Amino acid sequence: MLIRDLEQGGEQASRQAAELLVRCFSHIPSGWHTLEEGLAEARESLGPDRVSRVALDENGDVVGWIGAVPCYQGHVWELHPLVVRPDRQRQGIGRALVADLERLARERGVDTIYVGTDDEDGRTNLSGVDLYPDVLSRAARIEDVGGHPFAFYRKCGFVVVGLIPDANGFGKPDILMAKRVESQGPQ
Ligand SMILES: CC(C)(COP(=O)(O)OP(=O)(O)OC[C@H]1O[C@@H](n2cnc3c(N)ncnc32)[C@H](O)[C@@H]1OP(=O)(O)O)[C@@H](O)C(=O)NCCC(=O)NCCS
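A short tour of the structure in this document, coming up. All values reported here derive from a predicted model rather than from experimental measurement. (Residues numbered from 1 in each chain as written. Predicted model: local features only at pLDDT ≥ 70, side-chain atom pairs only at ≥ 80, totals over all residues.)

## Points about the overall build of the protein chain
Looking only at helices and strands, the protein chain has five helices and seven strands in total. Tracing the protein chain from N to C terminus, the helices and strands come up as β-α-α-β-β-β-α-β-α-α-β-β. The dimensions of the protein chain, computed from C-alpha atoms along their principal axes, are 50 × 45 × 30 Å. Burial status across the protein chain gives 33% buried among its 187 residues. In the protein chain, the share of contacts with a sequence separation of at least 24, taken over all contacts with a separation of at least 6, comes to 57%. (Helix = DSSP H or I, 4+ residues; strand = E, 2+ residues; numbered from the N terminus. Buried ≥ 20, exposed ≤ 12 C-beta atoms within 10 Å, placed from the backbone. Contact = placed C-beta atoms within 7 Å.)

Here it is as structure tokens:
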């Protein structure tokens, strides 16, 4: 497997990346529902300051895609999007894409990578409940009930840093997770 910039893969890579988004996220309201929407996201990911990297298999086909959007004057990158082709999940590709992004972040002096990982389809114990008023104690007691990706991020070293209750309508929170990017030496 090879990880490279989406841009280097040309139109074919962008199309395959867009297809992955639709395949994996069209079942949720905030997802991508048409190829056009996926292609628009791929185009946007190629903008200035953005990071957009794909994992390619031995045939040159896209099997995973990760992106980052700089924020907080470049101290922080928002990880967006991340997707691995369903038939290639649980084979270490997601972890490899996150590690590659961390390497780039480290090289560019970024301090933190964060991700908002929504629960729109009842895959954690934070779904379908009123998270107020003790939102942070709810966050500390998060549990997986249906294969939600927060467990994946946790394995990659991210921790839950907050919740946006009702981010996608009542009982459908966004789960905010972050990881410090270790610097390469004394600042
Ligand atoms: C979440 C996703 C990116 C993970 O990628 P992946 O290639 O399957 O993950 P990896 O194989 O690198 O897994 C790394 C570790 O996390 C674990 N893991 C992966 N997905 C998991 C999940 N949903 N729940 C619990 N653990 C998970 C793996 O078992 C592995 O653990 P191990 O190191 O102990 O063996 C992938 O499942 C995916 O694309 N899902 C659909 C889109 C999505 O939800 N994207 C994230 C949106 S925020």
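## Some thoughts on the sheet that holds strand 3 (residues 62-71)
What the seven strands build is an open sheet, ordered 1-2-3-4-5-7-6; its pairing is mixed. Edge strands, defined here as strands with exactly one partner in the open sheet, are strand 1 (2-5) and strand 6 (159-164). Between one strand axis and the next, the sheet turns by 25 degrees as a mean value, whatever way the strands run. Here seven bridges tie strand 5 (residues 112-118) to strand 7 (residues 174-180), and the two strands are oriented antiparallel to one another. Within the sheet, the bridge partner assigned to threonine 117 lies in strand 7 and is isoleucine 175. (Pairing = 2+ DSSP bridges. Axes fitted to C-alpha atoms, helices over the stretch in contact; angles between N-to-C directions.)

## Some points on the site of the ligand
Around the ligand, a shell composed of 18 residues is seen, among which Gln89, Gly94, Arg95, Ala151 and Phe152 lie nearest. Taken together, the elements giving at least two residues each to the shell around the ligand come down to strand 4 (76-84), helix 3 (93-107), strand 5 and helix 5 (150-155). Within the shell around the ligand, the residues separate by chemical class into nine nonpolar, six polar and three charged. (Near = placed C-beta within 6 Å. Nonpolar A, V, L, I, M, F, W, Y, C, P; charged D, E, K, R; others polar.)

## Structural notes on the nonpolar core
Nonpolar side chains in soluble globular proteins tend to be buried together. The biggest cluster of nonpolar side chains holds 41 residues, and the ones touching the most others in it are Ala17, Trp65, Leu79, Leu101, Ile113 and Met177. Listing elements by their share of this core, those giving two or more residues are helix 1 (10-25), strand 2 (51-56), strand 3, strand 4, helix 3, strand 5, helix 5 and strand 7. It is helix 1 that contributes the most residues to this core, six residues altogether. Sequence-distant contacts of leucine 79, defined by excluding residues within four places in its chain, comprise Ile66, Ala68, Leu101, Ile113, Tyr114 and Val115. (Core = buried A, V, L, I, M, F, W, Y, C linked by C-beta atoms within 7 Å.)

## Describing helix 2 (residues 35-45)
Taken together, the buried positions of helix 2 are occupied by Gly38, Glu41, Ala42 and Ser45. One side of helix 2 holds all its buried residues, which, seen down the axis, span an arc of 100 degrees. Relative to its buried face, helix 2 has exposed residues pointing more than 90 degrees away, namely Glu36 and Arg43. Against helix 1, strand 2, strand 3 and strand 4 lie the buried residues of helix 2. (Arc of directions from axis to C-beta.)

## Focus: the pairing of strand 3
Burial runs high along strand 3: seven of the ten residues are buried. Bridge analysis of strand 2 against strand 3 gives six bridges, and the strand direction is antiparallel. Bridge pairing in strand 3 links serine 52 to glycine 67. What sits between strand 2 and strand 3 in their antiparallel hairpin is a turn of five residues, with glycine 60 showing a positive phi close to 85 degrees. Two strands pair when backbone bridges link them, and strand 3 and strand 4 are joined in this way by seven bridges, in the antiparallel orientation.

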